[in-house]
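# Coordinates in review
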2 protein chains.
Amino acid sequence: MSEEGTRVSRRKLFGLAGAGVALAGAGAAAGVGIDRMGGGSTAQAAVTTVDFHGEHQAGIVTPTQQNLHFAAFDVTTTDVGELRQLLRTWTSAARRMTAGQEVVPNGAVGGAAEAPPGDTGEALDLPASDLTLTIGFGPSLFDDRFGLASKRPAQLIDLPLFPKDKLDPARTGGDLCIQACANDPQVAVHAVRNLARLGFGVTEVRWSQLGFGRSSSTSREQATPRNLFGFKDGTNNIKSEDTDFLRDEVWAVAGDGQAWMAGGSYLVARRIQMHIETWDREPLEGQEQIIGRTKGSGAPLGQTAEFDDVDLGVRGAGGVPLIADDAHIRLASHQTLKGTRILRRGYNFVDGSDGVGHLEAGLFFLAFNRDTRKQYVPMQQALSSKDAMMEYVQHTGSAHFAVPPGLTPTSSWGDGLFA
Amino acid sequence: MSEEGTRVSRRKLFGLAGAGVALAGAGAAAGVGIDRMGGGSTAQAAVTTVDFHGEHQAGIVTPTQQNLHFAAFDVTTTDVGELRQLLRTWTSAARRMTAGQEVVPNGAVGGAAEAPPGDTGEALDLPASDLTLTIGFGPSLFDDRFGLASKRPAQLIDLPLFPKDKLDPARTGGDLCIQACANDPQVAVHAVRNLARLGFGVTEVRWSQLGFGRSSSTSREQATPRNLFGFKDGTNNIKSEDTDFLRDEVWAVAGDGQAWMAGGSYLVARRIQMHIETWDREPLEGQEQIIGRTKGSGAPLGQTAEFDDVDLGVRGAGGVPLIADDAHIRLASHQTLKGTRILRRGYNFVDGSDGVGHLEAGLFFLAFNRDTRKQYVPMQQALSSKDAMMEYVQHTGSAHFAVPPGLTPTSSWGDGLFA
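Residues numbered from 1 in each chain as written. Chains lettered and ligands numbered in written order. Predicted model: local features only at pLDDT ≥ 70, side-chain atom pairs only at ≥ 80, totals over all residues. Heavy atoms only, no water.

A tally of regular secondary structure across chain A gives 8 helices and 11 strands. Within chain A, the proportion of its 419 residues that are buried is 61%. Long-range pairs, those at least 24 residues apart, make up 76% of the contacts in chain A with a sequence separation of at least 6. As displayed, chain A offers around 14500 Å² of accessible surface, 53% of which is attributable to carbon and sulfur atoms. (Helix = DSSP H or I, 4+ residues; strand = E, 2+ residues; numbered from the N terminus. Buried < 20%, exposed > 50% of the residue type's maximum accessible area, 1.4 Å probe, protein only. Contact = heavy atoms within 4.5 Å. Areas by Shrake-Rupley, 256 points an atom, 1.4 Å probe, with all protein chains shown as cover.)

This part takes up the side chain of Q209 of chain B. Residue and element names in this part refer to chain B. Among the structural elements, Q209 can be located in strand β6 (residues 203–212). Overall, Q209 belongs to the buried group, its relative accessible area being 2%. In terms of polar contacts, Q209 uses its side chain to reach the side chain of D351, at 3.2 Å. Not counting the four nearest positions on each side in its chain, Q209 is found in contact with L68, H69, F70, R171, R271, F349, D351 and F364. (Polar contact = N/O pair within 3.5 Å; in protein donor to acceptor, adjacent residues only side chain to side chain.)

A few words on the relation of the copies chain B and chain A. Under the fitted operation, chain B is carried onto chain A by 0.0 Å of movement along the axis and a turn of 180°, and the coordinates agree to an RMSD of 0.0 Å. Here the transformation between the copies is reduced to the relation of a two-fold axis. Mapped onto chain A, 97% of the interface residues of chain B again fall at the interface, so both copies present the same surface. (Least-squares fit on C-alpha atoms with pLDDT ≥ 70 in both.)

Residues and elements named next belong to chain A. One pass over the full model with this rule turns up 26 aromatic pairs over all chains. With centroids separated by 6.2 Å and ring planes inclined at 45°, the aromatic side chains of F137 and W260 adopt a geometry described as tilted. Remark: W260 occurs in the loop between α4 (243–250) and β7 (265–274) and F137 occurs in strand β4 (residues 132–137); sequence separation between them is 123 residues. Through a chain of ring-to-ring contacts, three or more aromatic side chains come together here, namely F70, W207, F364 and F401. (Phe/Tyr/Trp six-rings, centres within 6.5 Å; stacked < 30°, edge-to-face > 60°.)

Our focus in this paragraph is the UniProt feature "domain: Dyp-type peroxidase N-terminal" (unreviewed entry) in chain A. As recorded in UniProt, the sites labelled "domain: Dyp-type peroxidase N-terminal" (unreviewed entry) are residues 57–212 of chain A. As annotated, residues 57–212 of chain A comprises 21% helix and 21% strand, and the C-alpha atoms at either end are separated by 21 Å. (UniProt positions renumbered as here; feature names shortened; annotations may be inferred.)

The next point concerns the packing of helix α2 (residues 80–97) of chain A against helix α3 (residues 185–198) of chain A. Residue and element names in this part refer to chain A. For the pair α2 and α3, the least separation of the axes is 10 Å and the interaxial angle reads 155°. Relative to α3, α2 is oriented roughly antiparallel. Seen from above, α2 lies across α3 with right-handed handedness. Within the contact between the two elements, α2 uses L86, T89, W90, A93 and M97 and α3 uses H190, A191, N194, L195 and L198. (Axes fitted to C-alpha atoms, helices over the stretch in contact; angles between N-to-C directions. Parallel < 35°, antiparallel > 145°, perpendicular 65-115°, else oblique. Left-handed = near helix turned anticlockwise from the far one by under 90°.)

To continue, consider the interface of chain B and chain A. Between chain B and chain A, the residue contacts involve 71 residues of the former and 72 residues of the latter. For the pair chain B and chain A, the summed buried area comes to about 5700 Å², and 61% of that belongs to carbon and sulfur atoms. Applying the counting criterion to the chain B and chain A interface returns 4 salt bridges. Across the pair D125 of chain A and R226 of chain B runs a salt bridge, and its minimum N-O distance is 3.3 Å. Our count for the chain B to chain A interface comes out at 21 residue pairs in polar contact (both at pLDDT 80 or more). Split by residue class, the side of chain B that touches chain A holds 34 nonpolar, 21 polar and 16 charged. (Buried area = accessible area lost by both parts, 1.4 Å probe. Salt bridge = Lys/Arg side-chain N within 4 Å of Asp/Glu carboxyl O. Nonpolar A, V, L, I, M, F, W, Y, C, P; charged D, E, K, R; others polar.)

With that settled, consider the UniProt feature "domain: Dyp-type peroxidase C-terminal" (unreviewed entry) in chain A. The sites that UniProt annotates as "domain: Dyp-type peroxidase C-terminal" (unreviewed entry) are residues 224–406 of chain A. Within residues 224–406 of chain A, the helical portion is 20% and the strand portion 22%, while the C-alpha atoms at the span's ends are 27 Å from each other.

Moving on, we come to the nonpolar core. What tends to happen in soluble globular proteins is that the nonpolar side chains get buried as a cluster. Of all hydrophobic cores here, the largest spans 76 residues; its most connected members are W90, L133, F137, L141, I178, W413 and L417 of chain B. Contacts of I178 of chain B, omitting those with residues within four sequence positions, involve H69, F70, A71, F73, W90, L133, T134, I135, V192, L195 and W413 of chain B. Core analysis: the next-biggest nonpolar cluster, separate from the first, contains 74 residues, L86 and A188 of chain A together with I291 and L337 of chain B among them. (Core = buried A, V, L, I, M, F, W, Y, C linked by side-chain atoms within 4.5 Å.)

The next subject is the pairing of β6 of chain B. Residues and elements named next belong to chain B. For β6, the buried fraction is high: 8 of the 10 residues fall into the buried class. With 9 bridges connecting them, strand β3 (residues 67–75) and β6 associate as antiparallel partners. The residue bridging L68 from the neighbouring strand is G211, located in β6. (Pairing = 2+ DSSP bridges.)

We now examine the pattern of salt bridges. Residues and elements named next belong to chain A. Following the criterion strictly, the structure yields 38 salt bridges over all chains and no others. Residue D165 pairs with R270 through a salt bridge whose shortest N-O separation is 2.8 Å. Taken as a pair, D165 in the loop between β4 and β5 (176–182) and R270 in strand β7 lie far apart in primary sequence, 105 residues in all. Of the two residues, D165 and R270, both sit in the buried class. The closest approach of N and O atoms between E306 and K232, which form a salt bridge, is 3.4 Å. With E306 in the loop between α6 (284–291) and α7 (328–331) and K232 in the loop between β6 (203–212) and α4, the pair connects residues that are 74 residues apart, well separated along the chain. Each member of the pair, E306 as well as K232, carries the same accessibility label: buried.

So, in structure tokens, the structure goes:
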């Protein structure tokens, strides 16, 4: 962690800088990956890195960066030794790349001329850009291939098929995942691409998803961003400052069943296609009733400001409830869900066009919770069966991962799994 | 244009800011779209806009922004009046959005509650982020539907099929195109999405492509960015400062045939998939021979610095030519091409995965030239038949557009076309 004085002055810089640069909050450390920074870089200051090490993996409560590249992998080897070695190799590469360094020293241009480069080079000259790399293990990794069945957490269920799911197998599942977040898309892409490269012969990319615009903030230092429905998203998200909620609702403990997961969490990834053309023809009033908030300020209906407490019982003229029975904010609220909360970290996406005249757009939903059985699943059961918003969305991809705890400077992503 | 004093101080701000914020160069004007900026924005300074008006459309010599959303449209109406009206509506919306404003005043939240909003809202609170919107007209627009056959420029050919092209019809062609570039992907996406929305019933999205990392710089103020082969790309690109080249190689004049195109240009869009996994197994020396430059500095082989003049005849030990007959830099050079140059403005992309274990990655090539028949076509004929790089790329999409000249504050994108 950096000194307070340094943080304040950097924050002031960011305040001046504005567009495109996220505020650097807790967990960000000043630093320049000097072995990757050439003299011709356009980015010479205000370069921040997020510490790869800590009690928890970075990329969960880290203030949400602007850009995402998420990839799910199939393990193609059946040799557990190769898998273990790859996790060590990946950890070493991730440790370096999150520090703004190449995969290996002088990887792109300094190796032997007759050898393939140790780094693909497209992030040369680019700073770390707050890159975080977060690993997860899917349910399928715990089948009979690698002797891991006894290590599978009870929380790491095969997600049920929810009402109206229309999942594409090519966007669903995965033995492993890497979540790369950064304030430069090229840095996030470079990281995933190099991990995929290092995995050649051991893993294959099953699917990958780019995202932008961080549809949920995870820090009170961040303004609440907007999703592609045009609404502020994540006002009542668990934030990095909510230490009690993090303890109770996000971080696994040894007593939850699998001691190796203590300090970890469970990641649900859902690719949610939005029918934005249909949404755009819905009157403002209808949109606001579906969400349960005003579009401009983000205030809950019946309130005046974004962060005002939600009052699900508030009534308007003639005693009519302002927040409808099928409003998203009601069904997703911790009041309705008996106190359940999750930490969301999703991104907006546009993946070309849908082939019938529209953009293929939506929200790549990422959420971390301590027990998916008790948190995400009942929440999504309620939303998928009752939410008025379901008319405008379709879940087209789905995955679930156990996200192990954080690392020390000498440990590896696979240590707990294979301990 | 802004005053020099303002530009210098803004540049200083950007210099401090660094990552994710492009330098604002020629054509950028200081300004804040104050009717879209709420109090809760994280971006409160260093906000720049690019003037929508001028002799030429913005987005051609404008210093390349970080993010791209490009969309091609089919016109679905056969009513020429509807098409003309849409071009007026689009111009008005583009004029406002490039100034950091909503599509219409108070569009997202200020309209009638029972009416669909006039702006989709996801760019509320976001600054203009140097947004440029550039329109083009495809060859198919000049068929018999709208009486435009006599207006078709001879330069606007149907592109030939080049050797090894593997074009996907769903990524090829289009009656119209919109190129949206900005330093915030959400701003570019918002712009395209709102133009698509305004076109409902008149146009449909045929295909769309997101990009990042500006694979070619168009100003000497910008460092040369890297493509996903890890090489600096665009060192010898035509830059906004090369006024003679712009006059001779980019801007159409009345004497070229169609007076309405004077001040315009011709845009070639090519989606080039890169087989990055194969490339990554190629030794450094082989990569450098294929390109004809060193990977680190970008210097031409046989030279020492990126911007050193290319010497195609330079020889190494034993008199062996250093720049091979099939090197990309040789085949694409203006020396080989009898002086022909183009202005490139492409972007890197990753579109998920290819379904067989790899990322779907590449370069979305955008180039402007004065006569595609004499510039892009012979260049691509040479490259597609001889370039050593062809083993690592595949052209999967293709389109060609006539880009009309710039606008006055009261003119419309369709004025010349329908004059």
